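For reference, the chains in residue letters:
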Amino acid sequence: MNYGTLRYRCLGGLNRVESHQHQRLLSKGEAAGLVSWIRWVGDSGLPLHRRGLYLVVKKIVGRPPGKGWYYRFMKRHGTEIRSFKANPLDPKRAKAFNRTNVHSYFDLLEGAMRKYGILWDDVANMDEKGLQLGGGRKIGVRRVIGPAERRAIYRAKSDKLELVTLIECVTASGSSLPPLFIFSGKRFQKSWLSGLSDDQRKEIFTALSKNGWTDEVLGYLWFISIYVPYIQKRPDPTRPALLIVDGHGSHASALIIRYVWDYLRNIVHIICLPPHTTHKLQPLDVGVFGPVGKAWSKVTDDMLEDGFDISKKNLIMRYLICWAE
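So, a few notes on the structure that sits alongside this text. (Residues numbered from 1 in each chain as written. Predicted model: local features only at pLDDT ≥ 70, side-chain atom pairs only at ≥ 80, totals over all residues. Heavy atoms only, no water.)

## With respect to the overall build of the protein chain
Under the convention used in this document: In DSSP terms, a helix is any run of H or I states spanning at least four residues, a strand is any run of E spanning at least two, and both are numbered starting from the N terminus. Each residue is assigned to one of three classes by its accessible area relative to the maximum for its type, calculated with a 1.4 Å probe on protein chains only: buried under 20%, partly exposed between the two thresholds, exposed over 50%. Contacts between residues were defined by any pair of non-hydrogen atoms, one from each residue, lying within 4.5 Å. Exposure was quantified through the Shrake-Rupley algorithm and a 1.4 Å probe, taking into account, for residues, occlusion by the shown protein chains and nothing else.
For the protein chain, the helix and strand inventory stands at 13 helices and six strands. Expressed as a percentage of its 325 residues, the buried residues of the protein chain come to 37%. By sequence separation, contacts in the protein chain at least 24 residues apart represent 71% of the contacts at least 6 residues apart. For the protein chain, the accessible surface area stands at approximately 20,900 Å², while carbon and sulfur atoms represent 55% of it.

What follows is the structure, given as structure tokens:
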């Protein structure tokens, strides 16, 4: 900075941004208020698109912005807002995920941990995820190479739609409990465990249901076969623990509540997430199932390219590879 500029600023002169403020469409206060509102509606599940932003600005200043205004505005406030490719959100979720519900949930969580002296190492989250043998809807979306003169190119995908339900549970300290795989069928086949080492076979559980879905009985079996042994193997098995679940009937059924009341009273405490908020508040949904789902789609896609398919015989082994990644 040269002497003249430094002297000008010391005498109260404006910097380059401030000196051109009168030329901008929005004042500094109007721009700050608009950015705050954009962030708020974005968190509410009703984000603005460019046309909506132009209409809002027109209401503020009485005239529409110019062609390059949007890009300059986004660049100027790039540390606070940015453009996204919006993911579809159910209206019930958009309405339920609000400040009141979120604050109430975290107040409840904090209050329970303080009241019962629960440590973060003893907080866990349990949820289920469906695995399609064919890989699901996202398989095959990767870009491919083909003839330049073609307007579209097609790629074969698996037609297997059979579902296997997986129940996972992770702790706040980063550890995970053994998974439970629920297959559809009446008889379990030993071939479904092919490719697994003896140690891996000891670290997984399997069950059967008519359609491969979970229910109250299977949720209860998961609780007493996987979660309760985990609680009892801790250095102090009487230390209070907290299990966070969603509102699914099989995750906090009357069978589980009765078992806790009869045998684990004052040890295990259960908190349910607010309805229609799991896409934002459930740790497994937010931090685990997303990356694992992408890895699962990639594994099934790679196998399809190699001429193979996901079946019950290799599903567990392939899933454990995705989890490790």
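## Here we look at helix H12 (residues 283-305)
What counts, and what does not: By definition here, a helix of n residues has an expected span of 1.5 Å times n minus one. Axes are fitted to the seven residues ending at a residue and to the seven starting at it; the angle between these axes is taken as the bend at that residue.
The end-to-end C-alpha separation of H12 is 33 Å, in line with the 33 Å expected for 23 residues at 1.5 Å each. Of all the bends in H12, the greatest, near 45°, is centred on Phe289, and the proline Pro291 appears no more than four residues after it. Here H12 has its buried residues at Leu284, Val288, Phe289, Val292, Gly293, Ala295, Trp296, Ser297, Val299, Thr300, Asp301 and Met303. Of the surrounding secondary structure, the elements contacted by the buried residues of H12 are strand E1 (123-132), strand E2 (163-171) and helix H13 (315-324).

## Concerning the pairing of strand E3 (residues 180-184)
Rules: Here the rule is simple: two strands pair whenever DSSP picks up at least two bridges between them.
Counting buried positions along E3 yields five of five residues, so the element is predominantly enclosed. Burial along E3 is two-sided: Leu180, Ile182 and Ser184 facing one way and Phe181 and Phe183 facing the other are all buried. Judged from the three bridges that link them, E2 and E3 form a sheet pairing that is antiparallel. Bridge assignment links Thr165 to a residue of E3, and that residue is Ile182.

## A word on the sheet that holds strand E5 (residues 241-245)
One key point about sheets: their strands pair by backbone hydrogen bonds, in either a parallel or an antiparallel sense. Using the following cut-off: Axis definition: a line fitted to C-alpha atoms, over the contacting stretch in the case of helices. Angles run 0 to 180 degrees between N-to-C directions.
Here we have six strands laid out as an open sheet, ordered E4-E3-E2-E1-E5-E6, and mixed in their pairing. The outermost strands of the open sheet, each flanked by one partner alone, are strand E4 (205-209) and strand E6 (268-272). Direction aside, the axes of adjacent strands within the sheet are offset by 25° on average. By the bridge criterion, nine bridges tie E1 to E2 in an arrangement that is antiparallel. Following the sheet pairing, Lys129 is matched in E2 by Leu166. On the sheet, helix H7 (residues 99-116) packs against E1, E5 and E6 and is oriented at approximately 175° with respect to E6.

## Observations concerning unusual backbone geometry
Phi angles above zero are rare outside glycine, and Asn266 is one such case at about 70°. Along the chain, the position of Asn266 falls in the loop between helix H10 (254-263) and E6. With phi around 65°, His276 is a residue other than glycine that occupies positive phi space. Inspection of the secondary structure assignment puts His276 in the loop between E6 and helix H11 (278-281).

## Examining H13
Note the cut-off: Summarising the geometry, the arc corresponds to the directions from the helix axis toward the C-beta atoms.
Among all positions in H13, only Leu315, Ile316, Tyr319, Leu320 and Cys322 are buried. The buried residues of H13 occupy one face: seen down the axis, they fall within an arc of 155°. Looking at the buried residues of H13, the elements they touch are E1, E2, E3, helix H8 (198-202), E4 and H12.

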